[in-house]
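Inside the fold
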Amino acid sequence: MQAVAIEQYGDAHQLKMLTLPIPTINEHQVLVQTKATAINPIDWKLREGHLTSMFQWTFPIVLGWDLAGVIVAVGSAVTQWHVGDEVFARPATTNRGTYAEYAAVDDTLLAPKPANLSYEAAAAVPLAGETAWQALFDHGHLQPGETVLVQAGSGGVGSYAIQLAKSIGAHVITTTSAKNFDLVRDLGADEIIDYRTEKVTEKARNVDLVVDTIGGQSQVDAWSVLNPTTGRQVSIVGQAPETAASIQNTEMTFKAIWLTPNGEQLKRIAQLMTDGKVKSIIDTVFPFSAEGLIKAHKLSATNHSTGKVVIKF
């Protein structure tokens, strides 16, 4: 099969088209023919060598951990899935990711692709959508009627977080630039803060939950807008050095999270998408090629793409 992989860490030009064996599946896996994948920050951070302490893999490394496609083979113990099923998934994090014509996926991590979604729209969902879900509900414990501040609401995780929060009846505040006001309003944002011209600390008060997708000073500033007794902040980018001091001797809480792939959560997101309550926002679709992946990585690394950057096979 053809796969875009790296044979050493470095810049985007390390992404090369290689011929690799089609993955061998175990009894609890399926083999998916990839129709689309998507780019996430983990992709280019790993490519640059920043995650070697977490993933000590041998080269070549196939990046990519979003997938939409068609099942072409099933393991001997798989009962829920069949050849020909259209699926999407956030596969397990291995050195054989989804920048490839075929991918092996654990049967518990799959969800049926909603019929009203293209492969590109489906591929945009799993990593960012599941991250948003876990930040809001598993770790943020968001309840109907509570107020949540979603940082960078026009980004990949942020755009799903707004919609998922609205789906349970939360009040959503988000930050973005003026050019994306209509977009985040359409996604369900109740209040919008222009991060270029306005200060979160002056526009928000008594927030129950902050979903931090930016880190740094944005994470530090958010403490002053939280409810002092119920406030909690969940970050998908780690803990800023000042955070420990910010919550010392308070009832506010902080948690930095790392996604745990979860097929059951993806199925629930899929139902919301089938019902028209959640949709994918796609910035650009690039073709599956070394050049396409290089351009996609460069765009994603600007941190200014609107929604997701997708690769079409």
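Just above, that's the structure.
Report follows, based on the coordinates. Note that the structure is a prediction, hence the values are computed from the model and not measured.

**A look at the overall build of the protein**
- Each helix and strand in the protein was counted, giving ten helices and 15 strands.
- Here the C-alpha radius of gyration of the protein, 19 Å, is about what a compact globule of 313 residues would show, namely 20 Å.
- Counting only C-alpha atoms, the protein reaches 55 × 40 × 35 Å along its principal axes.
- When the 313 residues of the protein are sorted by exposure, 55% land in the buried category.
- The contacts of the protein with a sequence gap of at least 6 include a subset with a gap of at least 24, amounting to 68%.
- As displayed, the protein offers around 13,100 Å² of accessible surface, 50% of which is attributable to carbon and sulfur atoms.
- Here the protein carries 24 positive and 31 negative side-chain charges, and the mean point of each set is 3 Å from the other.

**As for the packing of aromatic side chains**
- A full pass over the atoms with the stated rule returns seven aromatic pairs.
- Ring centres of W133 and F137 lie 4.9 Å apart, and the angle between their planes is 75 degrees; on these two criteria the pair is classed as edge-to-face. Note that W133 and F137 are positioned in helix α3 (residues 126-139) at a spacing of four residues, about one turn of the helix.
- When its relative accessible area of 8% is taken as the criterion, W133 is described as buried.
- A ring pair is formed by W223 and F254, whose centres lie 6.0 Å apart and whose planes are at 55 degrees; its orientation type is tilted. Of the two residues, W223 is situated in the loop between α7 (216-222) and β12 (232-235) and F254 in strand β13 (residues 253-256); the sequence distance between them amounts to 31 residues.
- For W223, a relative accessible area of 6% gives the class buried.

**Some words on the environment of L149**
- Positionally, L149 belongs in strand β8 (residues 147-150).
- For L149, a relative accessible area of 0% puts it in the buried group.
- Distance in space between the C-alpha atoms of L149 and Q56 is 35 Å, their sequence separation being 93 residues.
- Not counting chain neighbours up to four residues away, the residues in contact with L149 comprise I173, T174, T175, V200, V207, L209, V210, V211 and V225.

**A closer look at the pattern of salt bridges**
- Here the structure, examined in full by the defined rule, presents eleven salt bridges.
- When the shortest N-O distance is used, the salt bridge between D186 and K279 registers 2.5 Å. Note that D186 is positioned in helix α5 (residues 181-187) and K279 in the loop between α9 (263-274) and β14 (282-287), a separation of 93 residues in sequence.
- A salt bridge links E291 to K295; its shortest N-O distance comes to 3.4 Å. With E291 and K295 both in helix α10 (residues 290-301) and four residues apart, the pair spans about one turn of that helix.
- Classification of E291 as exposed rests on a relative accessible area of 52%.

**A look at the side chain of Q163**
- Structurally, Q163 is set in helix α4 (residues 156-167).
- By relative accessible area, Q163 is classed as buried at 4%.
- Contacts of Q163, omitting those with residues within four sequence positions, involve L187, K277, V278 and K279.

**A closer look at unusual backbone geometry**
- Each neighbour pair has its own omega, and for F59 with P60 the value is 0 degrees, a cis peptide bond.
- Here P60 is to be found in the loop between α1 (41-47) and β4 (67-74).
- Positive phi values are uncommon outside glycine, yet A152 reaches one of about 60 degrees.
- Looking at where A152 falls in the secondary structure, it is placed in the loop between β8 and α4.
- Positive phi is not limited to glycine here, since N303 has a value of about 60 degrees.
- Mapped onto the secondary structure, N303 falls in the loop between α10 and β15 (308-312).
- Residue N303 is classed as exposed on the basis of its relative accessible area, which comes to 56%.

**A word on the side chain of N95**
- For N95, the position within the fold is in the loop between β5 (86-89) and β6 (102-106).
- With relative accessibility at 18%, the residue N95 sits in the buried group.
- One polar contact links the side chain of N95 to the main-chain carbonyl oxygen of T58, over a distance of 3.3 Å.
- If near-sequence neighbours (up to four positions away) are discounted, N95 is found in contact with W57, T58, P60, I61 and V62.

**Section: the sheet that holds strand β11 (residues 209-212)**
- One open sheet accounts for six strands, arranged β10-β9-β8-β11-β12-β13; its pairing is parallel. With one partner strand each, in any of the chains shown, β10 (191-194) and β13 form the two edges of the open sheet. Within this sheet the neighbouring strands show an average axis-to-axis angle of 15 degrees, counted without direction.
- Inspection of the sheet shows β12 paired to β13 by four bridges, in the parallel sense. Opposite S235, over in β13, you have A256 as the bridge partner.
- Packed on one face of the sheet, α3 meets β8, β11, β12 and β13 and runs near 150 degrees to β11.

Calculation notes
Residues numbered from 1 in each chain as written. Predicted model: local features only at pLDDT ≥ 70, side-chain atom pairs only at ≥ 80, totals over all residues. Heavy atoms only, no water. Helix = DSSP H or I, 4+ residues; strand = E, 2+ residues; numbered from the N terminus. Rg over C-alpha atoms; globule rule 2.2 N^0.38 Å. Buried < 20%, exposed > 50% of the residue type's maximum accessible area, 1.4 Å probe, protein only. Contact = heavy atoms within 4.5 Å. Areas by Shrake-Rupley, 256 points an atom, 1.4 Å probe, with all protein chains shown as cover. Lys, Arg positive; Asp, Glu negative; His and termini not counted. Charge placed at Lys NZ, Arg CZ, Asp CG, Glu CD. Phe/Tyr/Trp six-rings, centres within 6.5 Å; stacked < 30°, edge-to-face > 60°. Salt bridge = Lys/Arg side-chain N within 4 Å of Asp/Glu carboxyl O. Polar contact = N/O pair within 3.5 Å; in protein donor to acceptor, adjacent residues only side chain to side chain. Pairing = 2+ DSSP bridges. Axes fitted to C-alpha atoms, helices over the stretch in contact; angles between N-to-C directions.

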